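The lines below spell out each chain.
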Amino acid sequence: MIKKNKQKGALGPPDRRKKRGALFVHEHLRDEIMWMAIEPGSALDEVALASRYGVSRTPVREALLLLENEGFVQFLPNRTTIVAPLSLANVPEFLDTYLLLARGLVRSAAMNKTASFDCLLLYRELFETHLTADNQRQAFQAQLDLYRALSAAANNRFLCKYFIEVQDASIRLKQLHYYPHLDQAGKAEAVDLLESIAKSVASGDPEMSDKAIVSATLFEAEIIQKSLGPKYGHLMKIGMRSEH
């Protein structure tokens, strides 16, 4: 055991307060950015953040560096820090990565045969309840919780780590371009697709699990694509009225 020694230069236990401060700021600021309590493109003032979280500027700076590494924050040349804008340029690459990880994960979970259908069904029921009530964040959270349960059942720390990261990276995209654009039929289909994933994994069928997650992901991609199209401009009839 290392004894306490206040003499300058003496070996002592590391000071973890700064680390806890940085991790605390990172966790809470990341959550606000992901769930868009702070909108994309918003400026982030280190002094204001330090005051808000009750820490010095050092842990705030460390937290911002972590968030930059995760793609949630950008440092501009003029020393301004902003929430990273949501770019659609890399959506195809993102969806490929998401789908590859998801397929590996559900296959692994199905082959392990440790996923509890009752547990997965609970998340599916919460998803349907909140989706029907237009509680988008709660519905999304239920879906994320179901996928996290599948990650645990996969028992592969690499798949789990990167699949959860890619899930987190999808939160802003889906809040803007998926959930708000689901009509009643789309909501029903989203529920059915999630239940299909739960059933196929819980039954220990890797092939059906693979088909289910592919169908669910392609469905989400289709809604996102439609959300980017014109809403009414192509339906308008514009012409000159003839004078009599």
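The structure reproduced in this document is the subject of the present report. Model, not experiment: these values are computed from the prediction. (Residues numbered from 1 in each chain as written. Predicted model: local features only at pLDDT ≥ 70, side-chain atom pairs only at ≥ 80, totals over all residues. Heavy atoms only, no water.)

What follows concerns the overall build of the protein. A count of helices and strands for the protein gives nine helices and two strands. For the protein, the sequential pattern of α-helices and β-strands runs α-α-α-β-β-α-α-α-α-α-α. Burial analysis of the protein (244 residues in total) assigns 39% to the buried set. Element-wise, carbon and sulfur atoms account for 54% of the exposed surface of the protein, whose accessible area totals about 15000 Å². (Helix = DSSP H or I, 4+ residues; strand = E, 2+ residues; numbered from the N terminus. Buried < 20%, exposed > 50% of the residue type's maximum accessible area, 1.4 Å probe, protein only. Areas by Shrake-Rupley, 256 points an atom, 1.4 Å probe, with all protein chains shown as cover.)

Right, let's get into the side chain of His177. Following the sequence through the fold, His177 ends up in helix α7 (residues 157-177). The exposure class assigned to His177 is buried, which follows from its relative accessible area of 15%. Within the local environment of His177, its side chain forms a polar contact with the side chain of Ser227, the two groups lying 3.3 Å apart. With residues up to four places along the chain from it excluded, the contact list for His177 reads Leu86, Leu88, Ile223, Ile224, Ser227 and Leu228. (Polar contact = N/O pair within 3.5 Å; in protein donor to acceptor, adjacent residues only side chain to side chain. Contact = heavy atoms within 4.5 Å.)

This brings us to the pattern of salt bridges. Evaluation of the coordinates by the stated rule reveals 17 salt bridges. Across the pair Arg30 and Glu70 runs a salt bridge, and its minimum N-O distance is 3.1 Å. Highlighted residues: Arg30 in helix α1 (residues 17-34) and Glu70 in the loop between α3 (57-69) and β1 (73-75), separated in sequence by 40 residues. Taken together, the shared-partner salt bridges connect Arg30, Glu70, Arg148 and Asp168 into one network. (Salt bridge = Lys/Arg side-chain N within 4 Å of Asp/Glu carboxyl O.)

Now for helix α4 (residues 91-112). Here α4 contains 22 residues, and its C-alpha end-to-end distance of 31 Å stays within 8% of the 32 Å for a straight helix at 1.5 Å per residue. Turning to α4, its buried residues number three or more, namely Val91, Phe94, Tyr98, Leu99, Leu101, Ala102, Leu105, Val106, Ser108, Ala109 and Ala110. Each element contacted by the buried residues of α4 is listed here: α6 (136-154), α7, α8 (184-202) and α9 (206-227). (Expected span 1.5 Å × (residues − 1).)

Next up on the list: a nonpolar patch on the surface. Side chains of Tyr232, Met236 and Ile238 sit close together on the surface and give an oily, nonpolar patch of about 410 Å² of accessible area. By secondary structure assignment, the location of Met236 is in the segment after α9. Met236 gets classed as partly exposed once you look at its relative accessible area, which sits at 47%. (Patch = residues over 30% accessible without salt bridge, like charges linked within 9 Å, V, L, I, M, F, W, Y side chains within 5 Å.)

Take unusual backbone geometry next. Note on backbone geometry: most residues besides glycine have negative phi, and most peptide bonds are trans. Its identity as a non-glycine residue notwithstanding, Met36 has a phi of 60°, on the positive side. Even without being a glycine, Asp134 presents a positive backbone phi close to 60°.

What the rule picks out here adds up to eight aromatic pairs. Between the aromatic rings of Tyr147 and Phe163, the centroid separation amounts to 5.8 Å while the plane-to-plane angle is 90°, which identifies the pairing as edge-to-face. With a gap of 16 residues between them, Tyr147 in helix α6 and Phe163 in helix α7 connect regions that are remote in the sequence. When the ring of Tyr178 is compared with that of Phe219, the centres are 6.4 Å apart and the planes differ by 90°; the resulting orientation is edge-to-face. Residue Tyr178 is found in the loop between α7 and α8, and its partner Phe219 is found in helix α9; the two are separated by 41 residues along the sequence. Just as Tyr178 is buried, Phe219 falls in that class too. (Phe/Tyr/Trp six-rings, centres within 6.5 Å; stacked < 30°, edge-to-face > 60°.)

The contact between α8 and α9 brings their axes to 8 Å, and the two run at 155°. If you check the angle between α8 and α9, you find them roughly antiparallel. For the element pair α8 and α9, the recorded crossing hand is left-handed. Residues Gly186, Glu189, Ala190, Leu193, Ser196, Ile197, Ser200 and Val201 of α8 pack against Met208, Ser209, Ala212, Ile213, Ser215, Ala216 and Phe219 of α9. Looking at the contact of α8 with α9 residue by residue, the class counts come to nine nonpolar, five polar and one charged. (Axes fitted to C-alpha atoms, helices over the stretch in contact; angles between N-to-C directions. Parallel < 35°, antiparallel > 145°, perpendicular 65-115°, else oblique. Left-handed = near helix turned anticlockwise from the far one by under 90°. Nonpolar A, V, L, I, M, F, W, Y, C, P; charged D, E, K, R; others polar.)

Our next topic: the packing of α4 against α9. Two elements in contact, α4 and α9, have axes separated by 8 Å at closest approach and are oriented at 150°. As summarised for this structure, α4 and α9 are arranged roughly antiparallel, according to the angle between their axes. When the axes of α4 and α9 are compared, the crossing they make is right-handed. Each of Leu95, Tyr98, Leu99, Ala102, Arg103, Val106, Arg107, Ala110 and Met111 in α4 lies in contact with α9, whose residues at this interface are Pro206, Glu207, Ser209, Asp210, Ile213, Val214, Thr217, Glu220 and Ala221. When the residues that make up the contact of α4 with α9 are grouped by side-chain class, the tally is eleven nonpolar, two polar and five charged.

Purely geometric stuff here, so don't read any function into it on its own.
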